[in-house]
There are 2 protein chains.
Amino acid sequence: MKTWVPGADGSLFDVDNLPYGVFALPGEEPRVGVRIGDLVLDLAPVAAAEMLDVHHVFEERSLNALMAEGRAVRESVRRWVSGLLTEEPERDLVEPHLVPLQEVTMHLPVEVADYVDFYASEHHASNVGRIFRPDGEALLPNWKHLPVGYHGRAGTVVASGTPVVRPRGQQRGGTFGTSKRLDIEAELGFVVGTGSELGTPVPYDAFADHVFGVVGLNDWSARDIQAWEYVPLGPFLGKSFATSISHWVTPIEALDAAWVDLPGQDPEPLPYLGPGAVRGLDIDVEIEVNGEVVSRPPYRTMYWSPAQMLAHLTVNGASLRTGDLFASGTISGPDPDQRGSLLEIGWGDESAFLADGDVVTLRYSAPGTAGGRLSLGEVVGVVEPARG
Amino acid sequence: MKTWVPGADGSLFDVDNLPYGVFALPGEEPRVGVRIGDLVLDLAPVAAAEMLDVHHVFEERSLNALMAEGRAVRESVRRWVSGLLTEEPERDLVEPHLVPLQEVTMHLPVEVADYVDFYASEHHASNVGRIFRPDGEALLPNWKHLPVGYHGRAGTVVASGTPVVRPRGQQRGGTFGTSKRLDIEAELGFVVGTGSELGTPVPYDAFADHVFGVVGLNDWSARDIQAWEYVPLGPFLGKSFATSISHWVTPIEALDAAWVDLPGQDPEPLPYLGPGAVRGLDIDVEIEVNGEVVSRPPYRTMYWSPAQMLAHLTVNGASLRTGDLFASGTISGPDPDQRGSLLEIGWGDESAFLADGDVVTLRYSAPGTAGGRLSLGEVVGVVEPARG
C-alpha cells in the first residue's frame, strides 16, 4: 500500500508501521496519535468527524483506554488508520490533522500497571555468570527450565528523553555513595492490552489476544548498588531509579513479517511453555553512546520467546491488567559486538560504565510487512549528576 | 471523646480509630466510608450537605483521591469526621447515613500503584536462614545494613475475603505441579498518600508527610514454587498469585499511642536510615487457621522501622505515587508461638502448610489514643483448589 502522506513512502515509518504514541501540542492536553513519516496524525478530531464509536479513547493521555478495547478493536482501528492514510478521498479530512513531530512534545505512552523484567537471553545470562562466578557454572540450574523474571518498579518507567539522575545508595560492606558502575540494559518490552482473570493462566497461544504492542526499553542499572542488595530477594534499588521506554508502541500486527524460529531449546520446555512453537522476533537493536555505535544486539538470538514469557508470568494464576509491561531482559547475541550491557561490553573494564553527561540511544528496527524495514523508534537518556 | 453512635464507645472501632474503607450498598457504586462500631458512615452525602470542598473524593471507588490530597487535608478530614460523630448537634444530619456493616459489600480500599515487600523481622529472617541453610550463617551479610526488599505484583493485591486459588507451576528440577507448600506471611502494610519527585529521596523524618495509613496484609506464598525460581532475581510466581489486605486503612494518626522503641540496631545504620530515631509500632497480630489461634506475632519486635523502610525505598531517587503499598515482611517474634509463617510454625513439618478449604484470619490491634485498644480489622482468605 502507498500512502498519500508526503515523504512517508519507503521511510522507516511507512504505512505498514503506524505506531501509537501520546503527544501534546503547545498549551494543549496530551492525547493519542499515530506516527507516519515525520508527522503525527491527531486521531481524536478525525475519529470524531468520522463518528467512530471508540473516538473517546484517542482523547486520553495514555494508550490504556484504546488498548483495553481488546484485539478486535485494535485490529479494526489499525485498518481504519491505514485507510485514512492510503485512500486519496480521505486526504481533505485528514491532512489538516497531520502535525510535524518537531512541533509536539511526546509523553509516556502507557500508564504502566505492573512491570516485569525477564532474563531471557542465554548469551547475557552466561556472560553475567562468567563475570560474577568465574569458577562456577555459567547458568544456574533453573535457567533452561523457565524464563527467570521478577517485578520491577512501574512508577519509575519514564519516556525516552527523560534525564536519568545517577543514583546514590548502599554498596559493598554497607558503605554509602554515588553509583560508579552505572549501566544500561538494551531490552524489548511488551505491552498488555487485554487483561485476564485472577486464578486462570494465559496459554502461550493466546499471546496476540493479550499483547497490544512492543516498545524499546532501557533498564538502567547501578551495578554496585545491585551487587550488595540482591541476595536473597533480587534486584531492587539497583534498578528502580529509572526504566526508559520508547515514545512509540509498535502494534504487534506491524511485526507480522518479523517472526522467526528461535535458536532452539534443550531440554524441551514443559507443555505450558509451548515447546515446538518457539517463535521470536527478528528485531535489530543498535546501542549508541555519545554518538558512537558500541553494539548491535540481535533479538532473534534470544532463548525464551515472548509467548513463553507471558505463559510463565500467568501460570500460577496471576492476572494481567491493561498497561502491564513485561520486558525481555538484556538482549545479547553470541558475538562480542552484540552485547546488550556495558558490563558485558567492558568485561571488567571499569571505564566502560557511564559518566555524567553521557547520552545513550537505543534504536530498534525490524522487517516490515511491505518488504522494507520499519523502526520501533528510539530510547534516549542522558545521565545527570547525582543529587545531594 | 465520646461518640453518640450507639454501641461504638469502648469498642475496638471507637471514635479514636475511624479507619477508611470502600463499601457498596446493594445495586450502588462503591464509595468511601469510615467505620464506627459496626457501622459504616457514608461520607459522600454528608460531605456534600456540609459543602466540604473535597466532597468529591468520597465518591470515588478507592481512597486514592482522598489520599492524594496530602497530609493537611488528611488531618482536617479526620477532625471533621470526629466532630460529626461526637457532637450531638450533628446527629440529625449524620445518623441517616450510618449503614450496618452487614448490609454492605467491602471492596479493595486502595488502587495499588507499586507494591514493595520488605524482610524486616530479624527473627523471621534468622528462622528462614536456619531452615534453608542449617550449616551457614542465619543472616546474609547485607541484612543488618539495609532493610532488604523487592517489588511484588500490585495487580494481584486483593481485598480480605477474596478466595485464594492454590497455584500451580514449576518446582524443583523443572517438574510441574500443584503447590503443596502453600503458606501465609502475616505482615503489616503501609499505604502512601503523598507522592514524591523522581530523583529526590524521601528522608526518614518525612514518613508522616507521605504515609496515609496502615493495613493488615497476608503475603500468600507457595514455598515449592519459590524455592526453584528465586535465584538469582528473587521471588516471582511463588508470591504473585495473591496478596490480601484488610478492608480498612487505619490512618497513621490513629496509631499515635502505638509508637515504641524497637529492640535496637547493631551496627548503627547509615545516616540516611535515621539511627537513634528508630521507632516502631506496638501492634499485636493474631493468626487463626480454621478457628484456632496458631500464633501471636508482635510487630514491636521488628528490626527495621517503617520510616527506615520508606527512606531506603527512595534513597536511589525512586519516586513515590499515591497508592504505593510497602509491607514489613513476615512478622515473627523471638518466641516459637510468635512466628508469622507456617514454614516457621511447622519448622520442617510438611503437614503445617495449608490444605484446600482452610480459612486463614489475621487480626491486628493496637493501643488507642483514648487509653483502650483499637482494631486494624482482619485479613481473611479461604484456600480454593487448584484449577486445571
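Computed from a predicted structure; not experimentally measured.

(A) Main features of the overall build of chain A. When helices and strands are counted, chain A shows nine helices and 24 strands. The globule rule puts the C-alpha radius of gyration for 388 residues at 21 Å, and the 21 Å found for chain A is close to it. Counting only C-alpha atoms, chain A reaches 70 × 50 × 35 Å along its principal axes. Of the contacts formed within chain A by residues at least 6 apart in sequence, a portion of 74% connects residues at least 24 apart.

(B) Representation of the domain arrangement of chain A. All names here are of chain A. Each domain of chain A was delimited in the assignment, giving domain 1 (20-107) and domain 2 (115-384). One C-alpha centre belongs to domain 1, the other to domain 2, and the line joining them spans 29 Å. Each partner contributes to the interface: domain 1 provides 19 residues, whereas domain 2 provides 18 residues. Interface of domain 1 and domain 2: buried area, both sides summed, is about 1600 Å²; carbon and sulfur atoms make up 64% of it. The largest share of the area that domain 1 buries against domain 2 comes from Tyr20, Met67 and Arg74, three residues that together contribute 42% of it. On the surface where domain 1 and domain 2 come into contact, there are two salt bridges. A salt bridge links Arg74 to Glu253; the nearest nitrogen and oxygen atoms lie 2.7 Å apart. If you look at where domain 1 meets domain 2, you find five residue pairs in polar contact (both at pLDDT 80 or more).

(C) Inspection of the packing of aromatic side chains at higher detail. Residues and elements named next belong to chain B. Under the defined criterion, the tally for this structure stands at 20 aromatic pairs over all chains. A ring pair is formed by Phe118 and Phe326, whose centres lie 6.3 Å apart and whose planes are at 85°; its orientation type is edge-to-face. Of this pair, Phe118 sits in strand E6 (residues 115-118) while Phe326 is found in strand E22 (residues 325-327), placing the two residues 208 residues apart along the sequence. An identical accessibility class is assigned to Phe118 and Phe326; each is buried.

(D) Structural context of the nonpolar core. By size, the foremost hydrophobic cluster in this structure holds 135 residues, and its most contacted members are Leu188(A), Phe190(A), Phe326(A), Leu188(B), Phe190(B) and Phe326(B). Those residues in contact with Phe190(A), other than ones at most four positions away along the chain, are Phe207(A), Val211(A), Gly213(A), Val214(A), Leu281(A), Tyr299(A), Pro306(A), Met309(A), Asp324(A), Leu325(A) and Phe326(A).

(E) Up close: the relation of the copies chain B and chain A. Mapping chain B onto chain A calls for a screw motion: a turn of 180° about the axis and a shift of 0.0 Å along it, with 0.0 Å RMSD after fitting. The transformation just described matches what one would write down for a two-fold rotation axis. Minimal C-alpha distance to the rotation axis in chain B is attained by Gly234(B), lying at 2.0 Å. Comparing contact sets, 100% of the residues at the interface of chain B also lie at the interface in chain A, consistent with an isologous, same-surface contact.

(F) How the structure looks around the environment of His107(A). Residues and elements named next belong to chain A. Note on placement: His107 falls in strand E5 (residues 105-107). Along the backbone, His107 and Ile287 are 180 residues apart, and their C-alpha atoms lie at a distance of 22 Å. With residues up to four places along the chain from it excluded, the contact list for His107 reads Val22, Phe23, Ala24, Pro30, Ala159 and His247.

(G) How the structure looks around the pattern of salt bridges. Residue and element names in this part refer to chain A. Going through the model one piece at a time under the given rule, you end up with 55 salt bridges over all chains. The shortest N-O distance in the salt bridge between Glu288 and Arg363 comes to 2.9 Å. Of the two residues, Glu288 is situated in strand E20 (residues 284-289) and Arg363 in strand E23 (residues 359-367); the sequence distance between them amounts to 75 residues. By relative accessible area, Arg363 is classed as partly exposed at 28%.

(H) Representation of the sheet that holds strand E21 (residues 292-295) of chain B within the structure. Residue and element names in this part refer to chain B. Pairing is mixed across the open sheet formed by five strands, whose spatial order is E9-E24-E23-E20-E21. Each end of this open sheet is capped by a strand with a single partner; those strands are strand E9 (164-165) and E21. Sheet topology places strand E20 (residues 284-289) next to E21; three bridges connect them, and they run antiparallel. Bridge pairing in E21 places Glu288 opposite Val293.

(I) Region of the structure containing the interface of chain B and chain A. Tallying the contact residues gives 58 residues for chain B and 58 residues for chain A. Summing both sides of the interface, chain B and chain A together bury roughly 5300 Å²; the carbon and sulfur share of this comes to 61%. When residues of chain B are sorted by the area they lose upon contact with chain A, Arg153(B), Leu233(B) and Phe236(B) head the list and together hold 15% of the total. Across the chain B-chain A interface, the total number found is three salt bridges. Of the charged contacts in the structure, one is a salt bridge between Asp324(A) and Arg153(B), with a shortest N-O distance of 2.9 Å. For the pair chain B and chain A, the interface holds 25 residue pairs in polar contact (both at pLDDT 80 or more).

(J) Quick peek at helix H8 (residues 306-314) of chain B. Within H8(B), nine of the nine residues are buried, which leaves it mostly tucked inside the rest of the structure. Buried within H8(B) are the following residues: Pro306(B), Ala307(B), Gln308(B), Met309(B), Leu310(B), Ala311(B), His312(B), Leu313(B) and Thr314(B).

(K) Inspection of the confidence of the model for chain A at higher detail. All names here are of chain A. Per-residue pLDDT for chain A averages 97, and the proportion of residues at 70 or more is 100%. Per-element averaging of pLDDT across chain A places helix H5 (residues 122-132) at the bottom with 95 and strand E16 (residues 243-245) at the top with 99. Predicted complex metrics record ipTM = 0.97 and pTM = 0.98.

(L) Layout of unusual backbone geometry. Residues and elements named next belong to chain A. The amide bond that connects Asp266 to the next residue, Pro267, takes the cis arrangement and shows omega of 10°. The topology assignment puts Pro267 in the loop between strand E18 (259-261) and strand E19 (279-281). Positive phi values are uncommon outside glycine, yet Trp347 reaches one of about 45°. Position of Trp347 among the secondary structure elements: in the loop between helix H9 (342-346) and E23. Overall, the relative accessible area of 35% leaves Trp347 in the partly exposed class.

(M) Molecular detail of the sheet that holds strand E4 (residues 98-100) of chain A. Residues and elements named next belong to chain A. In spatial order, the strands read E4-E3-E2-E1-E5; together these five strands make up an open sheet with antiparallel pairing. Of all the strands in the sheet, just E4 and E5 have a single pairing partner and so form its edges. With strand direction ignored, the average angle separating the axes of adjacent strands in the sheet is 50°. Sheet analysis places strand E1 (residues 20-24) next to E5, joined by three bridges and oriented antiparallel. For Ala24, the partnering residue across the bridge sits in E5 and is Thr105. Contacting E1, strand E2 (31-36) and strand E3 (39-42), helix H3 (residues 71-86) crosses the sheet at an angle of about 115° to E3.

What counts and how
- Residues numbered from 1 in each chain as written.
- Chains lettered and ligands numbered in written order.
- Predicted model: local features only at pLDDT ≥ 70, side-chain atom pairs only at ≥ 80, totals over all residues.
- Heavy atoms only, no water.
- Helix = DSSP H or I, 4+ residues; strand = E, 2+ residues; numbered from the N terminus.
- Rg over C-alpha atoms; globule rule 2.2 N^0.38 Å.
- Contact = heavy atoms within 4.5 Å.
- Domains from an automatic or database assignment.
- Buried area = accessible area lost by both parts, 1.4 Å probe.
- Salt bridge = Lys/Arg side-chain N within 4 Å of Asp/Glu carboxyl O.
- Polar contact = N/O pair within 3.5 Å; in protein donor to acceptor, adjacent residues only side chain to side chain.
- Phe/Tyr/Trp six-rings, centres within 6.5 Å; stacked < 30°, edge-to-face > 60°.
- Buried < 20%, exposed > 50% of the residue type's maximum accessible area, 1.4 Å probe, protein only.
- Core = buried A, V, L, I, M, F, W, Y, C linked by side-chain atoms within 4.5 Å.
- Least-squares fit on C-alpha atoms with pLDDT ≥ 70 in both.
- Pairing = 2+ DSSP bridges.
- pLDDT = per-residue confidence, 0-100.
- Axes fitted to C-alpha atoms, helices over the stretch in contact; angles between N-to-C directions.

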